[in-house]
Amino acid sequence: YASFYAARTNVRAGGAAFVEKAAVLFEKAAGFAVTAADFDSALWYYLDTLRQLSFSRYLTAVEQTVAYWKTPSWYADLVEELRMRLTAKKDWKGLKTLYTALSKTDMPEQRSAAAYVLARSGSLPQQEAQRLFKEAAAAPDSLYYRMLAGYHGKHNVPLFLPSGTKRSGEGKAVRSASDLSPQEAEVYIDGLIHFGLYAIVYRYIAERYPSIPAEKAEQIAAVLESKGLYGDSMRLTALALRNRGAAPTDAQLRRLYPRYWGELVEKYADEYGLPPYLLYALIRGESFFQPDAVS
């Protein structure tokens, strides 16, 4: 626990030297851990810290530690984000490394997703691509990728085509959402909001950053906040501030350090004799005001 919380303190201090020290301490904490939960917690923070320092070190660490994960679902958010980043970068070698690493742990849906994207990447020989399509189509816990792999395994349609490329029999170009221009990306995001797909808006913008204008990000953060996606709203506000590089406004600070559920916070702060701001800080630090977060 001493190593773990010393590491957390170094992360909060910021700066490459402190974060580097935090990575060492998180790794030590994992080595000292007695319970599986403590091990997974320390190792998750270790990987997340490496993610901030170096993408290549992060991918290598995932590859090296995956066989030791006690509860694989604990790392699902890291794996999904890593898979998305590799796909957006069209880093097929890195994605194949992740796909191979996932064979060492019980994450069939994530492995199925990686297999499917690799199969459609156009980077593999046709025989290998068909093998991956077949694997994805047979995954028992991933209906979404089973359906996609079953369809595209027959038609062998590449996932990414150059702008302007047409499929046989179609009159328009086929492109991925990550290939859009900044102007097209704004229209795409407006579409996500129009159809109520609020939960994936921040994820898409994070991939496009810093192409999304700061003013647009601020507008969308307000929408996400109004829909109860407080964590995404706060993250998006932070992106907007980094993008603009100016001093934050009062409205941005209120969104970045919010006081949601004030009635409950005030009630228990009074009951336990604590300053309300301490409880707000605790909620922000532990769950980012996400009601479904479980300690």
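The rules behind these values
- Residues numbered from 1 in each chain as written.
- Predicted model: local features only at pLDDT ≥ 70, side-chain atom pairs only at ≥ 80, totals over all residues.
- Heavy atoms only, no water.
- Axes fitted to C-alpha atoms, helices over the stretch in contact; angles between N-to-C directions.
- Helix = DSSP H or I, 4+ residues; strand = E, 2+ residues; numbered from the N terminus.
- Parallel < 35°, antiparallel > 145°, perpendicular 65-115°, else oblique.
- Contact = heavy atoms within 4.5 Å.
- Nonpolar A, V, L, I, M, F, W, Y, C, P; charged D, E, K, R; others polar.
- Core = buried A, V, L, I, M, F, W, Y, C linked by side-chain atoms within 4.5 Å.
- Buried < 20%, exposed > 50% of the residue type's maximum accessible area, 1.4 Å probe, protein only.
- Phe/Tyr/Trp six-rings, centres within 6.5 Å; stacked < 30°, edge-to-face > 60°.

Visitor: Got a minute to help me understand the packing of helix α5 (residues 76–88) against helix α7 (residues 108–120) in this structure?
Guide: Two numbers describe a pair of packed helices, the interaxial angle and the distance between the axes. Interaxial distance between α5 and α7 falls to 11 Å at its minimum, and their mutual angle equals 5°. Judged on the interaxial angle alone, α7 and α5 are roughly parallel. Contacts between α5 and α7 involve A76, V79, E80, R83 and T87 from the first element and Q110, A113, A114 and V117 from the second. Looking at the contact of α5 with α7 residue by residue, the classes come out as five nonpolar, two polar and two charged.

Visitor: In this structure, what is going on with the nonpolar core? I would like to understand it.
Guide: Core analysis: the biggest nonpolar cluster contains 48 residues, and Y46, L47, Y58, W69, Y75, L82 and L95 have the highest contact counts within it. When sequence neighbours within four positions are dropped, the list of residues in contact with Y58 reads L47, L50, R51, L78, E81 and L82. Core analysis: the second largest hydrophobic core is formed by 18 residues, I212, A214, I220 and L239 among them.

Visitor: Teacher, can you tell me more about the packing of aromatic side chains here?
Guide: Two measures describe an aromatic ring pair: the distance that separates the ring centres and the angle between the ring planes. Counted by the stated rule, this structure contains 14 aromatic pairs. Seen from their ring centres, Y230 and Y260 are 3.8 Å apart, and the 20° between their planes marks the pair as stacked. Taken together, the positions of Y230 in helix α13 (residues 230–244) and Y260 in the loop between α14 (250–256) and α15 (262–272) put the pair 30 residues apart, joining distant regions of the chain. Comparing Y230 with Y260 shows no difference in burial state: the two are buried.

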